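Listed here are the chains, written in short residue letters.
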Amino acid sequence: MSHSTVPRSRPEAEKTDKTPASGGATGSAGRRSSGRLSLRTRFRRDRVLLLMTLPAVALVLLFNYLPILGNVVAFQDYDPYISDNGVVSILNSPWVGLENFQRLFEDSAFWEAVQNTLVLFFLQLVLYFPIPIGLALLINSVVRPRVRAVSQAILYLPHFFSWVLVIAVFQQLFGGAGILSQLLRQNGYDGIDIMTDPETFKFLITAQSVWKDAGWGIIVFLAALASVNPDLYEAAAMDGANRWRRMWHVTLPALRPVIALLLVLRVGDALTVGFEQILLQRDAVGPGASEVLDTFVWWNGVRNQDFGYAAAAGLIKGVISLGLVLVANKVAHLMGEQGVYKK
């Protein structure tokens with residue numbers, strides 16, 4: 001009997017089978033000891049996808065991150081007319097340090113703009129944010145598909161209107177010569193002009209935002225509702241849950257991740273409460289009731305040509321907004337949701 005046909009003992013055979021081949025070390029060179037792919041291996045695997053994202057990354061760097069360097073003018077007495085080249089103007093503008101920020105903190109108009117901004121944010125958070133959720137639940141409960149489609153289209157249509165058109169519609173309804181004022185006069189009452197009343201301006205702004213943008217929120221929440229497993233509703237119904245119980249224990253938990261994400265984004269956008277919308281109505285009610293941080297920056301930077309002062313206000317707004325996003329995202333993590341980014 002030849003040597004190749006001599007049977008091996010079982011321990012020897014198992015030891016031989018477990019011995020790695022000569023190419024095993026090189027075959028696993030692309031893997032780490034933990035079993036994860038190395039950075040080089042992942043780059044070679046996803047190089048096509050990475051190349052596809054390069055144009056988008058370039059656009060983000062060009063239009064989002066590169067302009068951040070311009071915040072240096074907040075520490076200067078910036079004069080854009082020194083040169084036709086903006087970089088040269090920045091380099092030759094005198095450095096004033098924290099003087100612009102000191103002026104801001106001593107300016108009562110700045111604090112009035114901060115107060116108006118925060119009041120508008122809380123109003124829109126309390127009155128505007130829950131409305132798309134309620135309307136989405138209402139539309140989702142409609143049985144007939146045609147009625148659902150028509151209702152969704154009607155509610156979504158104002159989203160495509162410009163703010164000029166939205167304000168014109170409200171002017172025809174609630175202005176001094178609007179339909180509501182004319183009806184009151186025809187019935188022996190004094191007419192009203194809500195569009196020029198500083199006391200109701202904040203509620204007017206919120207109502208305009210609800211009418212224009214609630215349809216967009218409805219689409220987002222309807223998309224989340226479409227992913228709910230119908231078996232959950234059937235199981236809840238078999239357990240004796242009525243419609244309200246099914247909504248509370250099935251529908252709302254399914255919407256909770258989307259609500260948490262949109263709430264974090266809304267908090268991060270807290271200090272941006274509608275520049276174009278408010279600027280168009282600023283003269284009607286006066287800056288005392290309508291001035292917010294965005295219009296404050298525009299008025300001082302573009303109209304008064306005080307670019308360093310306006311840049312300081314914008315920089316403060318950006319830092320506070322970033323802090324609000326981080327805090328809101330941390331709260332979402334504590335609630336068990338993912339938020340904007342994972343832990």
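All of the points below concern the structure found in this document.

Looking only at helices and strands, the protein features 18 helices and zero strands. With 343 residues in all, the protein has 29% of them scored as buried. Accessible surface for the protein amounts to roughly 22300 Å². Of this, 64% is attributable to carbon and sulfur atoms.

A separate point is the packing of aromatic side chains. Here the structure, examined in full by the defined rule, presents 14 aromatic pairs. When the centroid spacing of 5.9 Å and the interplanar angle of 10° are considered together, the rings of F75 and W95 count as stacked. Within this pair, whereas F75 is found in the loop between α4 (47–65) and α5 (86–92), its partner W95 is found in the loop between α5 and α6 (99–105), the two being separated by 20 residues in sequence. The exposed category is assigned to W95, whose relative accessible area is 56%.

Locating S89 in the fold gives a position in helix α5. Judged by relative accessible area, S89 falls into the buried class, the value being 0%. Counting along the chain gives 16 residues from S89 to V73, while the straight-line C-alpha distance between them is 9.8 Å. A polar atom in the side chain of S89 sits 3.1 Å from the backbone oxygen of S83.

Attention now goes to the environment of A149. As for its position among the elements, A149 is in helix α9 (residues 145–156). As for A149 and I139, which are separated by ten residues in sequence, their C-alpha atoms are 8.9 Å apart.

It is worth spelling out helix α17 (residues 293–303) at this point. Within the span of α17, buried status applies to L293, D294, T295, F296, N300 and G301. Tucked into the core, α17 has its buried residues touching α6, α7 (108–128), α15 (275–285), α16 (287–290) and α18 (307–334). Once α17 finishes, Q305 follows within two positions and takes phi at roughly 60°, a positive value.

Moving on, we come to α7. Between its first and last C-alpha, α7 extends 29 Å over 21 residues, near the 30 Å set by a 1.5 Å rise per residue. Residue D107 occupies the N-cap position of α7, its side-chain oxygen lying 3.0 Å from the main-chain nitrogen of A109.

Quick look at the packing of α15 against α17 now. A pair of packed helices can be characterised by two numbers: the angle between their axes and the separation between those axes. The N-to-C vectors of α15 and α17 enclose an angle of 65°; their axes lie 9 Å apart at closest approach. Regarding the angle of α15 to α17, the classification is roughly perpendicular. The way α15 lies across α17 gives a crossing that is right-handed. Contacts between α15 and α17 pair F275, I278, L279 and R282 from the former with D294, T295, W298 and W299 from the latter.

We now examine the packing of α7 against helix α14 (residues 243–268). Across the interface, α7 lies against α14 with an axial gap of 11 Å and an inter-helix angle of 160°. Taken together, the axes of α7 and α14 are roughly antiparallel relative to one another. Of the two elements, α7 crosses α14, and the hand of that crossing is right-handed. When α7 is examined against α14, the residues F121, Q124, L125 and Y128 are found in contact with a partner set consisting of L263, R266 and V267.

Scanning the entire structure with this criterion turns up five salt bridges. The partner of D46 in a salt bridge is R45, with the nearest N and O atoms 3.1 Å apart. Judged by its relative accessible area of 23%, D46 falls in the partly exposed class. With its nearest N and O atoms 2.8 Å apart, the salt bridge here joins R103 to D306. Remark: D306 occurs in the loop between α17 and α18 and R103 occurs in helix α6; sequence separation between them is 203 residues.

Ranked by internal contacts, the top residues of the largest apolar core, which has 20 residues, are L120, F201, V273 and I278. Counting residues per element, the ones that place at least two in this core are α7, α10 (163–174), α12 (201–226), α14, α15 and α18. When residues of this core are assigned to their parent elements, the largest contribution, four residues, is made by α10. Aside from chain neighbours lying at most four places away, what touches L120 is K202, I205, V273, I278 and V292. Membership of the second largest hydrophobic core comes to 15 residues, among which are Y78, F110, A311 and A312.

Now for unusual backbone geometry. The phi dihedral of Q305 falls on the positive side, at around 60°, and the residue is not glycine. Inspection of the secondary structure puts Q305 in the loop between α17 and α18. On the basis of relative accessible area, Q305 is assigned to the partly exposed category, the value being 35%.

Here is what the cut-offs are and how they apply
Residues numbered from 1 in each chain as written. Predicted model: local features only at pLDDT ≥ 70, side-chain atom pairs only at ≥ 80, totals over all residues. Heavy atoms only, no water. Helix = DSSP H or I, 4+ residues; strand = E, 2+ residues; numbered from the N terminus. Buried < 20%, exposed > 50% of the residue type's maximum accessible area, 1.4 Å probe, protein only. Areas by Shrake-Rupley, 256 points an atom, 1.4 Å probe, with all protein chains shown as cover. Phe/Tyr/Trp six-rings, centres within 6.5 Å; stacked < 30°, edge-to-face > 60°. Polar contact = N/O pair within 3.5 Å; in protein donor to acceptor, adjacent residues only side chain to side chain. Contact = heavy atoms within 4.5 Å. Expected span 1.5 Å × (residues − 1). Axes fitted to C-alpha atoms, helices over the stretch in contact; angles between N-to-C directions. Parallel < 35°, antiparallel > 145°, perpendicular 65-115°, else oblique. Left-handed = near helix turned anticlockwise from the far one by under 90°. Salt bridge = Lys/Arg side-chain N within 4 Å of Asp/Glu carboxyl O. Core = buried A, V, L, I, M, F, W, Y, C linked by side-chain atoms within 4.5 Å.

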